[in-house]
Amino acid sequence: MAGRYLKASRRDKGLSSAVLSIVSLTLGVMALLTVLGVMNGFQLGFMENILEVSSTHLRISTPEQFSLPLEDKLKALPGIRSLLPLVDSQTLVKSSYSSPQGAFIRGLPPQAWEEDEGLKKHLTFLEGSWDLAQSNNILLGSEMSRRLGVSVGDSLSLLALTGPKFSLLQPRNVEFTITGIFKTGYLELDAGWAFIPLESALEFFAGEEDLFYGIKLENPELDYGAMDQIKPLLPPTATVQSWREYNSSFFGALRMEKTAMMILIGLIFIIVGGNIFQSLRRTLREREEEIGLLKAVGGSGSRVRFIFLFEGFIIGLVSGTLGVGLGLLLSGNINEILSGTQTLVSFISHLGASEESLSGFTSQLFYLDRIPVRILTHEVVLVFVFAILSSTISSWLATRTVEDIKPATVLRAE
Amino acid sequence: MSVLVIESLKKTYQSGRDELVILEDLDFHLGPGEAVAITGDSGCGKSTLMNLIAGLDTPTKGTISSCGREISALPESKLHDYRSLSLGLVFQFHFLLKELTALENVFLPGWMAGMKKAEAQDRALSLLASVGLTERSHHYPGELSGGERQRVALARALINRPPLLLADEPTGNLDESSSSAVEDLLLDMVKNEGTSLVLVTHDLALAQRLPVRYRLEHRKLWRHDGL
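In every chain, residue numbers begin from 1 and rise along the written sequence. Here chains are named by letter from A upward and ligands by number from 1 upward, in the order in which they appear as written. For a predicted model such as this one, the threshold for reporting local features is a pLDDT of at least 70, and the threshold for listing and counting side-chain atom pairs is 80 or more; totals across whole chains, interfaces and linings nevertheless cover every residue. In computing side-chain values, all of the structure's heavy atoms are included and hydrogens and water are not.

A word on the overall build of chain B
Now for step 1: Strands are runs of DSSP state E lasting at least 2 residues, helices are runs of H or I lasting at least 4, and numbering of each runs from the N terminus. Along the backbone of chain B there are 7 helices and 10 strands.
Now for step 2: Accessible area is worked out with a 1.4 Å probe on protein chains only. A residue is then buried under 20% of its type maximum, exposed over 50%, and partly exposed in between. Relative to its full complement of 227 residues, chain B shows a buried share of 55%.
Now for step 3: Of the contacts formed within chain B by residues at least 6 apart in sequence, a portion of 69% connects residues at least 24 apart.
Now for step 4: Carbon and sulfur atoms form 48% of the exposed surface of chain B, whose accessible area is close to 9,800 Å². Only heavy atoms matter for contacts: two residues are in contact if any of them lie within 4.5 Å across the pair. Each accessible area is a Shrake-Rupley estimate made with a 1.4 Å probe; only the visible protein chains count as cover when residues are assessed.

Here is the structure:
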């Protein structure tokens, strides 16, 4: 019956309130999915870059290097993808053509490229390649190399502080030769990071006490389980930390940003819910006589109410399905759509001899060439369920009056 | 067991400060399979009495019982069971749902009463056949004539095999030939189904076709077989 009422309302009134409700809810679902997809694309891209290139999934701090058998034992644990000894330091770097600038130096074994699939996946070499075979080799981020005005084969001076103790530290220039220029797609890494061999890092920039082990996991979400497995194998002086702890402020801010955006766009569900509420109230007033009759011939208030409740459910179901379909379509083709729009507007501006044109998402304006989009299944399901819920709950609220309609009014009207 | 027993019924309405007494000390009894006509002037309280019997309104005083159950004491949640299973209603206006076909209009109360859809459909088709509308079962009310709509309404009233059928001016909106056809059907079907009938009408000729007649006058029912 609910389906018949929906069809009838469309037939009777052309662009009926039910159709408007479906259109607005569909647009809401589509907008929310697209925004979530783009935000996920940016945020998860950043997070993956940070986890795979800089922070790693687990860190073991230890005052002394592990023995090879212990390293092998840790690497053999289930869920562990790689384990590398690392040293981090900050220093100044200078080329022949530029003034000194700050740099974050990571020392890591030359074979890290082979052992760590994550590095291979997230570092793209624009020039040269992963080559840390010589102790004075250095790999630079693309943005840093641009700022320093250097390319593969050029020399760089790094400021090192050496001495037996803090009060006797002496500054010293150490020359490195650039063997590769990489890009991660994340500006902070590309502009500030450089990789050198572990031995050089330990010699010039840090002591044994700064060494830590970076562990990459098959599934970063299973970090606490992995920590439980690792801890019993470690010497008592070693401590292990998860990526959630040492990245909590930045990742927390990203999560907060996404939650706030979800809530803001989710407000559309409340607006559409209000629209459905009003339109159903109007429908109920129009169909008061029929409701009275249904109750007079034996329909219970709740059963008659269910008919209209189901109408709201159908609106939610149709809108959710259409919205999810359109949202996925838009998210999957957002770069093409933006590019097409840009071309069209530029063409129209050109016809009108206008100086202005639409500037789209280009690498000249943004650090990325394309808008990254990442659709998460659980979010799609959540948005779909919200669409159905907002419509059904609005209908449930609107149909409370059904219980109050007296069938006797039908007979009186007669 | 009596199909309908009314004892010391009183119904009043408040009109401003005045109390309007519509029915008072009204007693009535209807046995299984009995058919009675109730006539009376406009505004004498016929429709009020029907509403009370149908459980659509509550008495000010007195009791109304149907098949041993005092319906005037039933809560709203139980009244729909009574209206669904024990009562068939035919109004002056057909009140068919325009979005449903004739068949769907007939089987809907059966389905709402818990009958299986297929069973309700079979029963509805057989009732539509009885009122001569087999060919029109998939037509919408807008595609039927006034007489045909009222025949569908009659079939709908009998879908749940109610022991009591209330018909309030069932031919009041029909022309003479349609009236006559609906009257014939109503009386035949009541007889065939073994349903008790309370028929309210202005039409004395129709009233005379029933074996027992009452007149509602001075707030009471008076047996008036000699009409």
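Here we look at the packing of aromatic side chains
Two measures describe an aromatic ring pair: the distance that separates the ring centres and the angle between the ring planes.
Residues and elements named next belong to chain A.
Now for step 1: Two rings from Phe, Tyr or Trp (for Trp, the six-membered ring) form a pair when their centres sit within 6.5 Å of each other. Planes less than 30 degrees apart are called stacked, planes more than 60 degrees apart edge-to-face, and all others tilted. Enumeration over the complete set of coordinates arrives at 20 aromatic pairs over all chains.
Now for step 2: A ring pair is formed by Trp113 and Trp130, whose centres lie 5.3 Å apart and whose planes are at 20 degrees; its orientation type is stacked. Placement of the pair is Trp113 in helix H4 (residues 112–115) and Trp130 in the loop between strand S4 (124–128) and strand S5 (137–141), with a sequence separation of 17 residues.
Now for step 3: Of the residues examined, Trp113 reaches a relative accessible area of 17% and is grouped as buried.

What about the pattern of salt bridges?
Side-chain pairs of opposite charge can arise whenever the charged atoms involved come near each other.
Now for step 1: Note on definitions: salt bridges are taken to be side-chain nitrogens of Lys or Arg within 4 Å of carboxyl oxygens of Asp or Glu. Counted by the stated rule, this structure contains 22 salt bridges over all chains.
Now for step 2: Note that Glu143(A) is salt-bridged to Arg146(A), the shortest N-O span being 2.6 Å. You can see Glu143(A) and its partner Arg146(A) sitting in helix H6 (residues 142–148), 3 residues apart, about one turn around the helix.
Now for step 3: Relative accessible area serves as the criterion here: at 12%, Glu143(A) is assigned to the buried category.
Now for step 4: Glu99(B) is the salt-bridge partner of Arg287(A), the closest N and O atoms lying 3.1 Å from each other. Placement of the pair is Arg287(A) in the loop between helix H11 (248–286) and helix H12 (288–296) and Glu99(B) in the loop between strand S6 (87–90) and helix H3 (102–112), with the two residues belonging to separate chains.
Now for step 5: In this structure Arg287(A) comes out as buried when scored by relative accessible area, which is 7%.
Now for step 6: Each of the salt bridges in this network shares a partner with another, and the network as a whole consists of Glu52(A), Arg81(A), Asp116(A) and Lys216(A).

Quick look at the side chain of Arg83(B)
Now for step 1: Looking at where Arg83(B) falls in the secondary structure, it is placed in helix H2 (residues 76–85).
Now for step 2: Classification of Arg83(B) by relative accessible area gives buried; the value is 1%.
Now for step 3: A polar side-chain atom of Arg83(B) sits 3.2 Å from the main-chain carbonyl oxygen of Lys295(A).
Now for step 4: Looking at Arg83(B), its side chain comes within polar contact range of the main-chain oxygen of Gly55(B), at 3.0 Å.
Now for step 5: Aside from chain neighbours lying at most four places away, what touches Arg83(B) is Lys295(A), Ala296(A), Val297(A), Gly298(A), Pro407(A), Ala54(B), Gly55(B), Leu56(B) and Glu76(B). Distance and chemistry together define a polar contact, namely a pair of N or O atoms within 3.5 Å, with one atom able to donate a hydrogen and the other to accept it when in protein, and with adjacent residues in sequence counting only for side-chain atoms on both sides.

Looking at the interface of chain A and chain B
Now for step 1: Across the contact, 23 residues belong to chain A and 25 residues belong to chain B.
Now for step 2: Once two parts are put together, the accessible area they lose, assessed with a 1.4 Å probe and summed over both, is termed the buried area. Interface of chain A and chain B: buried area, both sides summed, is about 2,300 Å²; carbon and sulfur atoms make up 62% of it.
Now for step 3: At the junction of chain A with chain B, the criterion picks out 1 salt bridge.
Now for step 4: Remark: the boundary between chain A and chain B carries 3 residue pairs in polar contact (both at pLDDT 80 or more).
Now for step 5: Of all the secondary structure elements, the ones that give two or more residues to the side of chain A that touches chain B are helix H1 (2–13), H12 and helix H16 (408–413) of chain A.

Considerations on the sheet that holds strand S1 (residues 4–15) of chain B
Residues and elements named next belong to chain B.
Now for step 1: Only strands that DSSP links by at least two bridges are regarded as paired with each other. The strand order S2-S1-S4-S5 describes an open sheet built from 4 strands, whose pairing is antiparallel. The two strands at the open ends of the sheet, each matched to only one other strand, are strand S2 (18–30) and strand S5 (69–70).
Now for step 2: As judged from the 5 bridges shared by S1 and strand S4 (residues 61–66), these two strands associate in the antiparallel manner. When the sheet's bridge partners are listed, Leu4 is paired in S4 with Ser66.
Now for step 3: Convention adopted: a line fitted to C-alpha atoms gives each axis, helices being fitted over their contacting stretch, and angles between N-to-C directions are expressed from 0 to 180 degrees. Packed onto the sheet, helix H1 (residues 46–53) meets S1, S2 and S4 and runs at close to 120 degrees relative to S1.

Overview of the side chain of Ser394(A)
Residue and element names in this part refer to chain A.
Now for step 1: Among the secondary structure elements, Ser394 is positioned in helix H15 (residues 377–398).
Now for step 2: Exposure remark for Ser394: the relative accessible area of 7% places this residue in the buried category.
Now for step 3: Apart from the residues within four sequence positions on either side, Ser394 is in contact with Gly273, Gly274, Ile276 and Phe277.

Some words on helix H2 (residues 17–55) of chain A
Residue and element names in this part refer to chain A.
Now for step 1: By this rule, a helix spans an expected 1.5 Å times one less than how many residues it contains. When the terminal C-alpha atoms of H2 are compared, their 53 Å separation across 39 residues agrees well with the 57 Å that a helix rising 1.5 Å per residue should span.
Now for step 2: Of all 39 residues making up H2, 28 are buried, and the element is well covered by its neighbours.
Now for step 3: Phi for Thr56, located one or two positions after H2, is positive at around 65 degrees.

Some words on the sheet that holds strand S8 (residues 196–200) of chain B
All names here are of chain B.
Now for step 1: Here 6 strands make up an open sheet; going across it, the order is S6-S7-S8-S3-S9-S10 and the pairing mixed. Each end of this open sheet is capped by a strand with a single partner; those strands are S6 and strand S10 (220–223). Strand after strand, the sheet turns through a mean of 20 degrees between neighbouring axes, direction not considered.
Now for step 2: With 4 bridges joining them, strand S3 (residues 35–39) and strand S9 (residues 212–217) adopt parallel strand pairing. Note that in S9 the partner of Ile38 across the bridge is Tyr214.
Now for step 3: This element, H1, spans S3, S6, strand S7 (164–168), S8, S9 and S10 of the sheet and lies at about 155 degrees to S7.
Now for step 4: Sheet strands in contact with helix H5 (residues 146–157) are S6 and S7, and its direction is about 170 degrees off that of S6.

Section: the nonpolar core
It is characteristic of soluble globular proteins that their nonpolar side chains tend to be buried jointly.
Now for step 1: In terms of nonpolar packing, the biggest core is built from 69 residues, with Phe28(B) and Val198(B) touching the most fellow members.
Now for step 2: If one sorts the elements of this core by residue count, H2(A) sits on top with 7 residues.
Now for step 3: When residues no more than four places from it in sequence are discounted, the contact partners of Phe28(B) are Leu4(B), Val5(B), Ile6(B), Val36(B), Val198(B), Tyr214(B) and Leu221(B).
Now for step 4: For this analysis, a nonpolar core means a set of buried residues of the types Ala, Val, Leu, Ile, Met, Phe, Trp, Tyr and Cys, connected via side-chain atoms within 4.5 Å. If you look at the next biggest cluster of nonpolar residues, it comprises 42 residues, including Leu58(A), Phe176(A), Ile178(A) and Leu234(A).

In short, shape yes, function no, at least from these values alone.
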